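Observations on the three-dimensional arrangement
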Amino acid sequence: MNIKEHSISIKENKMKIEFFLNNECVSVDANPMQSLLNTLRGNLKKTATKEGCGEGECGACSVLFNGQLVNACMMPTAQAEGANIMTLEGLRQTAKGQCVIDALLEAKGVQCGFCTPGMVLALYALLNGRSDPTQHPTEKEIRTAISGNLCRCTGYGMIIDAANIAATKGEGLW
Ligand code: FES
Ligand code: FES
């Protein structure tokens, strides 16, 4: 890198960050402190992940980070280096992800749809994280699992129904 390029790099404060996105290796030149949400949506054009509050309150930006549900708006992109990030674009390509989506549709848990990408990730994390997949989650466990995901439309009852449908119809899958 010559002096001119180096100064541009410092001025723009960018660095190369590599991680796995939906099981594919990606490389971005981004400000390491830019949120992972902005990197996903802006740099990588993965727009299924939504921006709601931008401050960790609504869960619209939920993604899986090494299998754990996180708010991408609160995570600096640098933290993703070497990690496995899963968004709705990747999850819906899997049988388990599709099971959750189908259950949300069946339960009418998708209304305006703004919370849906985050809800799919949250329900998936709950169902996939059970130590015994034959044990269906209780209502309390479902409510706890989606407590970071705000939905203005459904009153949550239909989303709880969807979790139960996905647990039942996905038996043998989880
Ligand atoms: S946009 Fe990230 S929690 Fe609301
Ligand atoms: S379906 Fe509209 S916010 Fe949840």
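The structure this text deals with has already been given above.
Structural notes on the packing of aromatic side chains
Applying the stated rule across the entire model yields one aromatic pair. On the numbers, 6.0 Å between centres and 55° between planes, the contact of tyrosine 124 with tryptophan 174 is tilted. Placement of the pair is tyrosine 124 in helix H5 (residues 116-128) and tryptophan 174 in the segment after helix H7 (157-169), with a sequence separation of 50 residues. Of the two residues examined, tyrosine 124 and tryptophan 174, each falls in the buried class.

Here we look at the sheet that holds strand E3 (residues 62-65)
Across the sheet, five strands lie side by side as E2-E1-E5-E3-E4; this open sheet has mixed pairing. On the outer flanks of this sheet lie strand E2 (24-30) and strand E4 (68-71), each paired with one strand and no other. The average angle at which neighbouring strand axes cross in this sheet is 40°, direction not considered. Packing of helix H2 (residues 36-43) onto the sheet brings it into contact with strand E1 (15-21), E2, E3 and strand E5 (84-86), and relative to E2 it is tilted by some 100°. The sheet contacts of H5 involve E3, E4 and E5, and relative to E3 the element is tilted by about 40°.

Considering the pattern of salt bridges
For the structure on display, the rule yields two salt bridges. Where lysine 169 meets glutamate 106, a salt bridge forms, and the shortest distance between an N and an O atom there is 2.7 Å. Of this pair, lysine 169 sits in helix H7 while glutamate 106 sits in helix H4 (residues 95-106), placing them 63 residues apart in sequence. A salt bridge links arginine 143 to glutamate 139; its shortest N-O distance comes to 2.9 Å. Placement of both arginine 143 and glutamate 139 in helix H6 (residues 139-145) is noted, with a separation of four residues, approximately one turn of the helix. A relative accessible area of 40% means that arginine 143 is categorised as partly exposed.

Regarding the environment of lysine 46
Its place among the elements puts lysine 46 in the loop between H2 and E3. For the pair lysine 46 and glutamate 89, spaced 43 residues apart in sequence, the C-alpha separation works out to 7.4 Å. Once residues within four sequence positions are removed from consideration, lysine 46 is found in contact with Leu21, Leu40, Arg41 and Glu89.

Focus on the packing of H4 against H5
Packing of H4 against H5 brings their axes to within 9 Å, and their N-to-C directions diverge by 120°. Regarding the angle of H4 to H5, the classification is oblique. Note on packing geometry: the crossing formed by H4 with H5 is right-handed. Listed contacts from H5 to Lys96, Gly97, Val100, Ile101 and Leu104 of H4 are Thr116, Val120, Leu123, Tyr124, Leu127 and Asn128. Grouping the constituent residues of the contact of H4 with H5 by class yields seven nonpolar, three polar and one charged.

Observations concerning the nonpolar core
Core analysis: the largest hydrophobic core is formed by 31 residues, its most contacted members being Val100, Leu104, Val120, Leu123 and Ile159. Taken together, the elements giving at least two residues each to this core come down to helix H3 (88-91), H4, H5 and H7. Sorting elements by how many residues they give to this core places H5 first, with eight residues. The contacts of leucine 104, once residues within four sequence positions are left out, are Gly109, Val110, Thr116, Val120, Leu123, Ile159 and Ala162. Formed by 20 residues, the second largest nonpolar core is a distinct cluster that contains Phe19, Val26, Ala30 and Leu37.

Parameters at a glance
- Residues numbered from 1 in each chain as written.
- Chains lettered and ligands numbered in written order.
- Predicted model: local features only at pLDDT ≥ 70, side-chain atom pairs only at ≥ 80, totals over all residues.
- Heavy atoms only, no water.
- Phe/Tyr/Trp six-rings, centres within 6.5 Å; stacked < 30°, edge-to-face > 60°.
- Helix = DSSP H or I, 4+ residues; strand = E, 2+ residues; numbered from the N terminus.
- Buried < 20%, exposed > 50% of the residue type's maximum accessible area, 1.4 Å probe, protein only.
- Pairing = 2+ DSSP bridges.
- Axes fitted to C-alpha atoms, helices over the stretch in contact; angles between N-to-C directions.
- Contact = heavy atoms within 4.5 Å.
- Salt bridge = Lys/Arg side-chain N within 4 Å of Asp/Glu carboxyl O.
- Parallel < 35°, antiparallel > 145°, perpendicular 65-115°, else oblique.
- Left-handed = near helix turned anticlockwise from the far one by under 90°.
- Nonpolar A, V, L, I, M, F, W, Y, C, P; charged D, E, K, R; others polar.
- Core = buried A, V, L, I, M, F, W, Y, C linked by side-chain atoms within 4.5 Å.

Geometric descriptors of this kind do not, in isolation, establish any biological role.
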